[in-house]
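# Structure at a glance
Spelled out from the first residue to the last, the chains are:
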Amino acid sequence: MDKITEYPLKSWLDVSPGSDFPIQNIPFGIFKAGLASPHATTRIGNTVIDLFSLAEHGFFDGLGINPGVFNSPDLNPFIKLGPPYWRSLRNQLAVLFSEGNTQARERISGTTDVLYNATSVQMLLPVRVGDYTDFYSSLEHATNIGIMFRDPANALLPNWKHLPVGYHGRSSSIVVSGTAIHRPRGQIKPANSESPVFSPTRELDFELEVAFITGKKTALGSSVSTANAEDHIFGMLLFNDLSARDIQRWEYVPLGPFLAKNFGSVVSPWVVTLDALEPFRVPGPVQEPEVLPYLQFTGNHNFNIQLEVFIQPEGQAEFRVCHSNYKFMYWNLVQQLAHQTVNGCNINVGDMYASGTVSGPDPGSFGSMLEIAWKGTKPVKMPDGSERSFICDNDTVIMRGYCEKPGLRIGFGEVSAKILPSV
Ligand code: MN
């Protein structure tokens, strides 16, 4: 088990108060400095650390890790090594960068190819995503959608409390934070029109989600139990499931979302490990009725992750439109993975599983504009006097996530996406 988070370790690298990246975090990502090829990296404070260079300098000798796994445009070769290696690397990094390690400090400070300022590098998509699933696991979100679009008295469909509803999404359009997305065009059917029209979406929305990444391959025909599920999970990141509501409304019956959700799904660049999140485990909501045996679990598998969404109109300050929490999720990640595989569906290293919109009980914690502005009936007043029922062209949507308790903050950084006009 990981020990980094259990004692008040400090780093010789500068970590400002409120930083998402103290030495207890040690998330993983892929970065590129200038014209150099991309390498695996971690981050402490505002310092981005080249793991390939550290390995080449011999700092990971004895861990049994081939330095080549870090010389890669994605984390998949490293992830493939398995949980004992993820853990021993995190522990070794904590040793190298802890305050008292003056020897490592001198040696590392003497290199020119290990430490970079976070603002001087480019962060890339951290994994090569094989398959992508989007769940629908927030009770509050599913209830809100049911009230708005179906029947307030029967907001949840009959299956909802018996299985984690999900659909298979598209991985090719998952992109890293900072990627600008053009407003998508497609078929929409205006309420006053007999037939559909072709138009840029008029209802562009975000969905505030947290995704986990699988780190172990399974064979077709095998299943992952709730008891073993966390051994198959490498870590988590923030996920903005951009959605075109009008396109979605016209296309989704009977097979679910299609072009309304595959024009750009934006993720944060740092993968935070479950080990780093360990101090923030909390019980989830009580599940009633009782779920089938394959979905039952022991222990706490919800995490207290504060989640925020900001809209930043062009040239203006960010304005917070949502403050939610991952702890509200009705279905947890071990149930999601057990359900995904219960039929024998195989999984691969680098697959991504998004939670579904994370809405909480209060209107201030709703995780999409559809809910926040309640189908356009309660538009958000922006500081400049303008209103938002959905996202406007040239708005930037920024999501942040962090866990906090006295003396410890483990953050995800942010996922940011600017919306450009339709092409
Ligand atoms: Mn979604």
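This part covers helix α8 (residues 333–341). Along an α-helix, residues three or four positions apart point the same way, because every turn accommodates 3.6 residues. Within α8, eight of the nine residues are buried, which leaves the element mostly enclosed by the surrounding structure. Three or more residues of α8 are buried, namely L333, V334, Q335, Q336, L337, A338, Q340 and T341. At the N-terminal boundary of α8, the capping side chain belongs to N332, with an oxygen 3.1 Å from the backbone nitrogen of V334.

Attention now moves to the domain arrangement of the chain. Taken domain by domain, the chain comprises domain 1 (29–124) and domain 2 (132–420). Counting the surface lost from both domain 1 and domain 2, the interface buries some 1,300 Å², and carbon and sulfur atoms represent 70% of this. Sorting the residues of domain 1 by area buried against domain 2 places I79, W86 and R90 first, and these three jointly supply 38% of that buried surface. Summed over the shared surface of domain 1 and domain 2, the result is one salt bridge. Note that R87 and D275 form a salt bridge whose closest N and O atoms lie 2.7 Å from each other.

Attention now moves to unusual backbone geometry. At the junction of V253 and P254, the peptide bond is cis and its omega measures out at 5° in the coordinates. As for its position among the elements, P254 is in the loop between α6 (245–251) and β16 (265–267). For the peptide bond that leads from E288 to P289, omega is 5°, which places it in the cis range. In the Ramachandran plot, W374 falls in the positive-phi region, its phi being about 45° despite a non-glycine side chain. Exposure remark for W374: the relative accessible area of 22% places this residue in the partly exposed category. Although it is not a glycine, K375 adopts a positive phi angle of roughly 60°.

Let us look at the coordination of the manganese ion. Taken together, D134 (OD), E207 (OE), E209 (OE) and D241 (OD) make up the protein donors of the manganese ion, found 2.1 to 2.2 Å from the metal. Counting along the primary sequence, the residues that act as donors to the manganese ion give the motif D-x72-E-x1-E-x31-D. Taken together, the positions of D134 in strand β6 (residues 132–135) and E207 in the loop between β12 (204–205) and β13 (208–214) put the pair 73 residues apart, joining distant regions of the chain.

Moving on to the sheet that holds strand β19 (residues 306–312). Spatial ordering of the open sheet is given by β9-β25-β24-β19-β20, a layout of five strands whose pairing is mixed. Of all the strands in the sheet, just β9 (181–182) and β20 (319–325) have a single pairing partner and so form its edges. Summarising the sheet, β19 and strand β24 (residues 396–405) pair through seven bridges and their orientation is antiparallel. What sits directly across from V309, in β24, is M399.

If you walk through the whole model with that rule in mind, you get 14 aromatic pairs. When the centroid spacing of 5.2 Å and the interplanar angle of 25° are considered together, the rings of W12 and F97 count as stacked. Taken together, the positions of W12 in the segment before β1 (29–32) and F97 in the loop between α3 (83–96) and α4 (102–109) put the pair 85 residues apart, joining distant regions of the chain. With a relative accessible area of 10%, W12 lands in the buried category. Here Y330 and W331 contribute two aromatic rings whose centre-to-centre distance is 5.5 Å and whose plane-to-plane angle is 75°, an arrangement assigned as edge-to-face.

Once that is clear, we can look at α3. Taking 1.5 Å as the rise per residue, α3 with 14 residues should run 20 Å; its terminal C-alpha atoms sit 20 Å apart, in good agreement. Those residues of α3 lying buried are P83, W86, L89, R90, L93, A94 and L96. Around the axis of α3, the buried residues are gathered within 165° of arc, so they sit on the same side. Of the surrounding elements, those touching the buried residues of α3 are β2 (39–44), α1 (51–56), α2 (76–79), α4, β14 (233–241) and α7 (274–277).

One face of the sheet, then the other: side chains in a regular strand alternate in exactly this way. When β19 meets β20, the two strands line up antiparallel, connected through six bridges. The partner of Q306 across the bridge, within β20, is N325. Where β19 folds back onto β20 in an antiparallel hairpin, the turn is made up of six residues, including G315, whose phi is positive at roughly 70°.

Attention shifts here to the side chain of T42. On the secondary structure map, T42 appears in strand β2. Overall, T42 belongs to the buried group, its relative accessible area being 1%.

A side chain with one charge may pair with a side chain of the opposite charge, provided their charged atoms come close. Inspection of the entire model under this criterion finds 18 salt bridges. The residue K261 makes a salt bridge to D241 at a minimum N-O spacing of 3.3 Å. One end of the pair, K261, is in the loop between α6 and β16; the other, D241, is in strand β14, and 20 residues separate them in sequence. The pair K261 / D241 is uniform in exposure class, with both members buried. Where salt bridges share partners, they join D205, E207, D241, R245 and K261 into one cluster.

Strand order in the open sheet formed by five strands is β4-β3-β2-β1-β5, and the pairing between neighbours is antiparallel. Looking at strand neighbours, the two that pair on one side only are β4 (115–117) and β5 (122–124), the edges of this open sheet. Neighbour-to-neighbour, the strand axes of the sheet open up by a mean angle of 45°, direction not taken into account. Pairing between strand β3 (residues 47–50) and β4: three bridges, direction antiparallel.

What counts and what doesn't
Residues numbered from 1 in each chain as written. Predicted model: local features only at pLDDT ≥ 70, side-chain atom pairs only at ≥ 80, totals over all residues. Heavy atoms only, no water. Buried < 20%, exposed > 50% of the residue type's maximum accessible area, 1.4 Å probe, protein only. Helix = DSSP H or I, 4+ residues; strand = E, 2+ residues; numbered from the N terminus. Polar contact = N/O pair within 3.5 Å; in protein donor to acceptor, adjacent residues only side chain to side chain. Domains from an automatic or database assignment. Buried area = accessible area lost by both parts, 1.4 Å probe. Salt bridge = Lys/Arg side-chain N within 4 Å of Asp/Glu carboxyl O. Donors = N, O, S within 2.8 Å, 3.2 Å for Na, K, Ca; no water. Pairing = 2+ DSSP bridges. Phe/Tyr/Trp six-rings, centres within 6.5 Å; stacked < 30°, edge-to-face > 60°. Expected span 1.5 Å × (residues − 1). Arc of directions from axis to C-beta. Contact = heavy atoms within 4.5 Å. Axes fitted to C-alpha atoms, helices over the stretch in contact; angles between N-to-C directions.

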